[in-house]
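Fold and contact review
Next come the chains, spelled out residue by residue.
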Number of protein chains: 2
Amino acid sequence: MNEYPSKVLQEAVEAISSLPGVGSRTALRLALHLLRQPAENVHHFATAIDDLATKVHYCKECNMIADEDICGICSDNRRDHGIICVVESVRDVMSIEATGQYHGVYHVLGGIISPINGIGPGDLSIDRLVERLQKAEVPTEVILALSGDVEGETTSFYLYRKISGLAARISTLARGLGFGDDLEYADALTLGRSIVNRQIFKPQ
Amino acid sequence: MNEYPSKVLQEAVEAISSLPGVGSRTALRLALHLLRQPAENVHHFATAIDDLATKVHYCKECNMIADEDICGICSDNRRDHGIICVVESVRDVMSIEATGQYHGVYHVLGGIISPINGIGPGDLSIDRLVERLQKAEVPTEVILALSGDVEGETTSFYLYRKISGLAARISTLARGLGFGDDLEYADALTLGRSIVNRQIFKPQ
């Protein structure tokens, strides 16, 4: 007898354990859980996953996932279309949206330049960003909101050279101590940058 | 704007986070991972899950999941059909099979008597076990391999009364110190039982 009593179960376990961070024991536990659910629940679950492959659109403007050809942010007239925040991924858009502090629009690169992982500028939606800036009707500020590691910095630098004639202003996220951070535990690089980029003190 | 940029993504996240032990952050991470995969992989994944609802059979003999009407164990003539090991779930069968020490057949109850969770004897495949024993062509040993907690003991006791005239022998799993266990750290109940149920020492 095989390790699994059923080929169907085996295939479900193998599919689930292909997810990142899910081992085969957890996958078995989840598959057996699903097996105990009513058939319509399992079907609903499978359909929701399948829809990811078939029903998700990518915004023609900013490359964000959406249910239509243009995403909810790009089609929103109350947002400032004169500021484009360039991010690596869908999740970054969700993180920034969750702050409630940004009212411009986005551009999702779909990755970051990483020679180690074989990702070059051609794999990202950089040409589309250039096009967008060329067509822009208002002077546009571009915020490079990429991560602070080597790959993020490389990508920011590449983008800077690519769009410097096209954007009215190119900015990047403020870096420094986090709110509530203790000086004692800050790393030297962050602390050093916080001093160099110090800001005028404005008591509120 | 909604918290999720896409209704399709939201539904996938909600479906994934309905799994036990999966929170909404993990569900989002997994959904975004699936989103980055080729469509055919996602489709394969969804199909493997959906098959759990539509293609899994339950063995007419022992109630184990199977791909046919009779499972691989019940249809195997090399197994001893004169010993039936009664277990709570599919996973228990897999655990016992993994030991390689058991060559009889099984009976999967599909749960355990638990008044707190509203599970009574009628919800388990107990009648089917009784029927199986009544029809048995050979004197049959029944091993009650249920867990050692109150619910397991209750179910074992209920089964014992139900089948005591029908089985040639009714046994239960040996309980005692685990192999490699240290006496110092054993709980008093287990240690006490190990002494009461002590076995003849057989040097090998």
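Further up the page is the structure itself.
Described below are features of the structure shown in this document. Predicted model only: the values in this text are computed from it and were never measured. All chains use their own residue numbering, which begins from 1 and follows the written sequence. Each chain is given a letter, starting from A, and each ligand a number, starting from 1, according to the order in which they appear as written. Predicted model: local features are reported for residues with pLDDT of at least 70 only, side-chain atom pairs are reported and counted for 80 or more only, and whole-chain, interface and lining totals are derived from all residues. As a convention, hydrogens and water are excluded, and side-chain values are obtained from all of the structure's heavy atoms.

1. Notes on helix 4 (residues 90–99) of chain B
Accessible area is worked out with a 1.4 Å probe on protein chains only. A residue is then buried under 20% of its type maximum, exposed over 50%, and partly exposed in between. The numbering of helices and of strands both runs from the N terminus, where a helix is a DSSP run of H or I of at least 4 residues and a strand a run of E of at least 2. Those residues of helix 4 of chain B not exposed but buried are Val90, Val93, Met94, Ile96 and Glu97 of chain B. All buried residues of helix 4 of chain B fall inside an arc of 165° around its axis, so they share one side. Should any heavy atoms of two residues lie within 4.5 Å, those residues are counted as being in contact. Taken together, the buried residues of helix 4 of chain B touch helix 1 (7–16) and helix 2 (24–36) of chain A together with strand 2 (65–66), strand 3 (80–87) and strand 4 (104–108) of chain B. Where helix 4 of chain B terminates, the next one or two residues include Gly100 of chain B, which has phi positive at roughly 70°. Our arc is simply the arc of the directions from the helix axis toward the C-beta atoms.

2. Brief notes about the nonpolar core
Take the buried residues of types Ala, Val, Leu, Ile, Met, Phe, Trp, Tyr and Cys, join any two whose side-chain atoms come within 4.5 Å, and each joined set is a nonpolar core. One finds Leu9, Ile16, Leu52 and Met64 of chain A together with Leu9, Ile16 and Leu52 of chain B to be the most contacted residues of the largest nonpolar core, which totals 118 residues. Beyond its immediate sequence surroundings of up to four residues, Leu52 of chain A is in contact with Val8, Leu9, Ala12, Ala31, Leu34, Leu35 and Val42 of chain B.

3. As for the packing of aromatic side chains
Residue and element names in this part refer to chain A. The criterion for an aromatic pair is that two Phe, Tyr or Trp rings (for Trp, the six-membered ring) have centres within 6.5 Å, with stacked assigned to planes under 30 degrees apart, edge-to-face to planes over 60 apart and tilted to the rest. Evaluation of the coordinates by the stated rule reveals 2 aromatic pairs over all chains. On the numbers, 5.1 Å between centres and 65° between planes, the contact of Tyr102 with Tyr106 is edge-to-face. With respect to burial, Tyr102 and Tyr106 carry one shared label: buried.

4. A look at helix 2 of chain A
Taking 1.5 Å per residue, 13 residues should reach 18 Å; helix 2 of chain A reaches 18 Å between its end C-alpha atoms and fits that length. Taken residue by residue, helix 2 of chain A has Ala27, Leu28, Leu30, Ala31, Leu32, His33, Leu34 and Leu35 of chain A as its buried positions. By this rule, a helix spans an expected 1.5 Å times one less than how many residues it contains.

5. Notes on a positive patch on the surface
What makes a patch is a set of residues exposed beyond 30% relative accessible area and free of salt bridges, joined within 9 Å when like-charged and within 5 Å when nonpolar (Val, Leu, Ile, Met, Phe, Trp, Tyr). The method behind every accessible area is Shrake-Rupley, applied with a 1.4 Å probe, and residues are considered shielded solely by the protein chains displayed. Criterion for a salt bridge: a side-chain nitrogen of Lys or Arg within 4 Å of a carboxyl oxygen of Asp or Glu. A positive count includes Lys and Arg, and a negative count includes Asp and Glu. His and the chain ends are not counted in either. Charged groups are reduced to one reference atom each: NZ for lysine, CZ for arginine, CG for aspartic acid, CD for glutamic acid. Taken together, Arg25, Arg29 and Arg36 of chain A together with Arg91 of chain B make up a surface patch of like positive charges. If one sorts the elements of the positive patch by residue count, helix 2 of chain A sits on top with 3 residues. Turning to its location among the elements, Arg36 of chain A is positioned in helix 2.

6. Focus on the pairing of strand 4 of chain B
With respect to burial, strand 4 of chain B is a largely interior element, 5 of its 5 residues being buried. For the crossover that starts at strand 3 of chain B, traverses helix 4 of chain B and ends in the parallel strand 4 of chain B, the hand is right-handed. Consider the strands pointing away from the viewer: the crossover is right-handed when the path from the first strand over the helix to the second runs clockwise.

7. Re the pairing of strand 6 (residues 169–172) of chain B
Residues and elements named next belong to chain B. Each pair of strands is called paired provided DSSP finds at least two bridges between the two strands. Bridge analysis of strand 5 (residues 141–144) against strand 6 gives 4 bridges, and the strand direction is parallel. When the bridges of strand 6 are listed, Glu141 appears paired with Arg169. The β-α-β motif built from strand 5, the intervening helix 6 (residues 150–163) and the parallel element strand 6 has right-handed crossover chirality.

8. Structural notes on unusual backbone geometry
All names here are of chain A. Phi is positive for Asn63, which is not a glycine, with a value near 75°. Position of Asn63 among the secondary structure elements: in the loop between strand 1 (57–58) and strand 2 (65–66). The class for Asn63 is buried, based on a relative accessible area of 13%.

9. Quick notes on the pattern of salt bridges
Residues and elements named next belong to chain A. Summed over all chains, the structure comprises 17 salt bridges over all chains. A salt bridge links Lys60 to Asp69; the shortest N-O distance between them is 3.3 Å. Its relative accessible area of 55% is what places Lys60 among the exposed residues. With a relative accessible area of 37%, Asp69 lands in the partly exposed category.

10. Quick word on the sheet that holds strand 5 (residues 141–144) of chain A
Residue and element names in this part refer to chain A. Reading across the sheet, the 4 strands line up as 4-3-5-6 and stay open at both edges, with parallel pairing between neighbours. In this open sheet, the two strands that pair with only one neighbour each are strand 4 (104–108) and strand 6 (169–172). On average, each strand axis in the sheet is inclined to that of its neighbour by 25°, with strand direction left out of account. Sheet topology places strand 3 (residues 80–87) next to strand 4; 5 bridges connect them, and they run parallel. Paired with Val86 across the bridge in strand 4 is His107. For helices, the axis comes from a line fit to the C-alpha atoms of the stretch in contact; other axes are also lines fit to C-alpha atoms, and the angle between any two N-to-C directions lies between 0 and 180 degrees.

11. Regarding the relation of the copies chain B and chain A
For the least-squares superposition of copies, only C-alpha atoms count, and only for residues with pLDDT at least 70 in both. Expressed as a screw operation, the relation of chain B to chain A combines 0.0 Å of axial shift with a rotation of 180°, fitting to an RMSD of 0.1 Å. A rotation of that kind, with that shift, is consistent with a two-fold axis. Distance from the rotation axis, computed per C-alpha, reaches its smallest value in chain B at Ala46 of chain B: 2.3 Å. When you check the interface residues of chain B against chain A, 100% turn up at the interface there too, and the contact is symmetric in its surfaces.

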